[in-house]
Number of protein chains: 2
Amino acid sequence: MSDETRLEDEDVMLADAPAEEARPDDRIDDERMDEENTLKPEFVRAVEDALEEGDEQAVYDLVEPLHPADIADLFELVTKDDRAPLAAAITDLMSGDVIAELNDYVREDMMEALPAEAVAQIAEQLDTDDAVQLIEDLDEEDQQAVLAELDAEDRIAIQSALAYPEETAGRLMSREFVAVPEAMTVGDLIDFLRDGRDLPAEFLEVFVVDERHHPVGTCQLSWILRTPRSIPLGDVMKRDQTLIPAMLDQEEVALMFQKYALISAAVVDDSGRLVGQMTVDDVVHIISEEAGEDALLMSGAGEGDINEPIREAYSSRVRWLVANLGTALVASLIIAAFGAAIEKLVALAVLMPIVASIGGNAGTQTMAVTVRAIATNQLTRSNTRRILWREMRVALLNGVTVALLVGVATALIFTPQLGAVIALAMTINVVIAGSAGVLVPVAFDRLDQDPAVASSVFVTMITDSMGFFAFLGLAVASGIVA
Amino acid sequence: MSDETRLEDEDVMLADAPAEEARPDDRIDDERMDEENTLKPEFVRAVEDALEEGDEQAVYDLVEPLHPADIADLFELVTKDDRAPLAAAITDLMSGDVIAELNDYVREDMMEALPAEAVAQIAEQLDTDDAVQLIEDLDEEDQQAVLAELDAEDRIAIQSALAYPEETAGRLMSREFVAVPEAMTVGDLIDFLRDGRDLPAEFLEVFVVDERHHPVGTCQLSWILRTPRSIPLGDVMKRDQTLIPAMLDQEEVALMFQKYALISAAVVDDSGRLVGQMTVDDVVHIISEEAGEDALLMSGAGEGDINEPIREAYSSRVRWLVANLGTALVASLIIAAFGAAIEKLVALAVLMPIVASIGGNAGTQTMAVTVRAIATNQLTRSNTRRILWREMRVALLNGVTVALLVGVATALIFTPQLGAVIALAMTINVVIAGSAGVLVPVAFDRLDQDPAVASSVFVTMITDSMGFFAFLGLAVASGIVA
């Protein structure tokens, strides 16, 4: 231990402070930000006005105090035409952090407009993982041009990342980390870190590896700081650690970080060698993306990013509208088959959308629950049957409730017979909807397809067709259309 | 600096290892887990069988090697009736980590079944934030009973957390953190940490505070480890830090962690005093929950957790089905108004669901995109008009595409006139759907309502009614129903 003065306890506050009364309007104190911590429209307009007047100094003065993440937001908030002049006005504020925080589409757009040397210049100041993100967007030719501009070390690191498939740990991991042998003492480690030149700027844990560079344990930095210098790392480290295979898909990586509450983790290659690390701040974006995309996928909105070019948004959405035309066609054919009945009793045409619509709604509810449970690994082969049974019971309760309401109303307005027919049809359709809402996404999942993507079309087709068929079929079978 | 031996460089590996070829089947090596890192059905069944036979030792032997997070999963995967016997068989494996990882409903269920002393016993081994989660589920009376069992220090900490509203930073933060004065040197800090008794088990940064206990800066542990002992913290720390107001809602906290790529952050009360810290591993669950819940809310599935009791699932879902009945009723009234036209031309009844269904689908797509953009703070007052205009252009492209397809098909099967009518109606309805898909969620957001919750009902009502009205109205107006 050192002979320097030991601190008195009162110099140090290990707080366990009681909660004082706080007001809800206690927010971040910045006149540029609104209450949701986004840039105020007045501020964005001031920047746009300065850009229009060509007053680069005014633009710079406005943007300079912003956090890099807010500068990135600013690029997304101004119109497309203002982005290049804005970048030109604030070149030396365009740090790696700004680039890393930019929306994918906006970044791609800006990078494509820049010459290869300029992209390389930006890539050089980024961490490898951020540089990879920048370069993977470019087409093959531009990629090669940018790589040629980089120095050898950066180029090799980026090429080795690009050798892994997109959205795998190998592509996303950082190649800068600290790995030391088990025999090293805490004191040696601290001296080494103080001395170290090629260290990453920030790191959250130190990996302990054997002579083959295989991870054998991990040390949180707080453990190192609390341990006397003479203790070897082998006595401080935790041997039991979560290793991430480099080929693991980012969705599984995100689930592992969540499940095991990881802050950072070692990435190992096929032979078990430590090749990189992932930290939770990179994973946070993936978690949010993966959790949020299911709503977009289920609605058939593709990527669903508001910065996506219109042509891409059109092409991903129209595909699902056309697929839905197919399901609507099936429904129409069923209705056409009952054309004579509808001609005789126009009330059938008035009521039939209710049966289909409520069925569709019930199916979507169950489907959303199922897709989410699959995505979070809560629904597995162990409990599928139990969840199906659970959803069918919920569906039966829902079906009987809405059937009673609609049945009674129909009986009063039209005839009791028609009320009975619609009530029975609705109960049947909602129970079918509940089953389809579980079985369709589970089937897609077992076939290794994303359950969020195509389930909607099938569930809607089933509930629409069955709704019309059950209602019109029961109406004819019961003889009320005589 | 210390006089201990400096390490040779080859003893330390600062890896920049190239990617080796890796196989996609390179996964976590555990015969209990399947390829998605969830417990295999065979393992779950083995535990259930052992429980049925009452063989507690066999149960213990099976569960003992599992990670706490997997033990928590196991509780969720076995049937409700098996949970109490399982807990009884593995009492000494029921660590705080297991409890913290349990699904809310499963935990609530288990806690309600336990006597207050047992809950208090579990709460005592948890960190304050996890203990709060355990206790906030209980009803008032049980809460008091458990609090009475706790020792004074834990009780005060938990009560101070419970004084903050649910889902705020004050409720969720950890009350254990390290705060030190600016004048302290790196060496003093390391000695203090080595000596410290009341330190948190793990921490990711050291907060520097002034004499009023207001944060003035923050030090990543890696900076401390790399800095010579004699340097004061004031020269190492970053002065610019993101402070989280204790009253901030968890959704905003999650967005701040994402936006500024935070690992941990200081929580301050109304007067600016440091009262706690939040670390990203706690926020990860919130990010995933908040991002994932929009799909559930939009479908009207409420919490949408597969562990939610059936009665609660029924009551949250049936509410939206009944609300949807209202929208279906409006559609039915519109159809009824055109009853005479349908009687004359039954093709109208056959085709009308196509117009409504495609409109509904297009509206849901735009709504999903808008809700996500609002949730991620991408859509703000600065760009609402631009996004509306963007979505209307996408809608026009989509509308014209599907209108052409359906119009031509209708012209061939029925009459060219009917083809023209349905094409025009579909174009109108898809454009209306696109506008409603933006305007409805934006309106809810401006009224401080969650845009994901009620938008669906309104968007569907608009697209259904307008679909039927445009199609049937144009058919009558064009004189084809003569």
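Residues numbered from 1 in each chain as written. Chains lettered and ligands numbered in written order. Predicted model: local features only at pLDDT ≥ 70, side-chain atom pairs only at ≥ 80, totals over all residues. Heavy atoms only, no water.

Naming follows an unreviewed UniProt entry, where chain A appears as Magnesium transporter MgtE of Qipengyuania soli. Recorded in UniProt under Subunit (unreviewed entry), the annotation for chain A is "Homodimer." (UniProt positions renumbered as here; feature names shortened; annotations may be inferred.)

Here we take up the pattern of salt bridges. All names here are of chain A. Overall, the coordinates contain 20 salt bridges over all chains when judged by the stated rule. With a closest N to O distance of 3.8 Å, D109 and K80 form a salt bridge. You can see D109 sitting in helix 6 (residues 104–113) and its partner K80 sitting in helix 4 (residues 80–89), a full 29 residues away along the chain. Exposure remark for D109: the relative accessible area of 29% places this residue in the partly exposed category. Put simply, R239 and E182 hold a salt bridge, and the shortest N to O gap is 2.7 Å. Of this pair, R239 sits in the loop between helix 14 (233–236) and strand 4 (243–245) while E182 sits in the loop between strand 1 (179–181) and helix 12 (186–195), and the two are 57 residues apart along the sequence. (Salt bridge = Lys/Arg side-chain N within 4 Å of Asp/Glu carboxyl O. Helix = DSSP H or I, 4+ residues; strand = E, 2+ residues; numbered from the N terminus. Buried < 20%, exposed > 50% of the residue type's maximum accessible area, 1.4 Å probe, protein only.)

Moving on, we come to the confidence of the model for chain A. Averaged over every residue, the pLDDT of chain A is 88; residues scoring 70 or more account for 94%. Scored below 50 in pLDDT, residues 1–28 of chain A makes 62 contacts in the model with residues more than four places away or belonging to other chains. (pLDDT = per-residue confidence, 0-100. Contact = heavy atoms within 4.5 Å.)

Residue and element names in this part refer to chain A. Overall, mixed pairing links the three strands, which are arranged 4-5-6 in an open sheet. Each end of this open sheet is capped by a strand with a single partner; those strands are strand 4 and strand 6 (274–279). For this sheet, the mean angle separating the axes of adjacent strands, direction not counted, is 35°. Looking at chain direction, strand 5 (residues 264–268) and strand 6 are connected through five bridges and run antiparallel. Paired with V268 across the bridge in strand 6 is L274. (Pairing = 2+ DSSP bridges. Axes fitted to C-alpha atoms, helices over the stretch in contact; angles between N-to-C directions.)

On the surface, V408, L412, I413 and F414 of chain A cluster together to form a nonpolar patch covering roughly 430 Å² of accessible area. The exposure class of L412 of chain A is exposed, given its relative accessible area of 69%. (Patch = residues over 30% accessible without salt bridge, like charges linked within 9 Å, V, L, I, M, F, W, Y side chains within 5 Å. Areas by Shrake-Rupley, 256 points an atom, 1.4 Å probe, with all protein chains shown as cover.)

Once chain B is rotated about the relating axis by 180° and shifted along it by 0.0 Å, it coincides with chain A to within an RMSD of 0.1 Å. Such a combination of rotation and displacement between the chain copies is what one expects of a two-fold axis. Closest approach to the rotation axis within chain B is made by the C-alpha atom of A295 of chain B, at a distance of 2.2 Å. Of all interface residues in chain B, 99% are interface residues in chain A too; the two copies therefore contact each other through one and the same surface. (Least-squares fit on C-alpha atoms with pLDDT ≥ 70 in both.)

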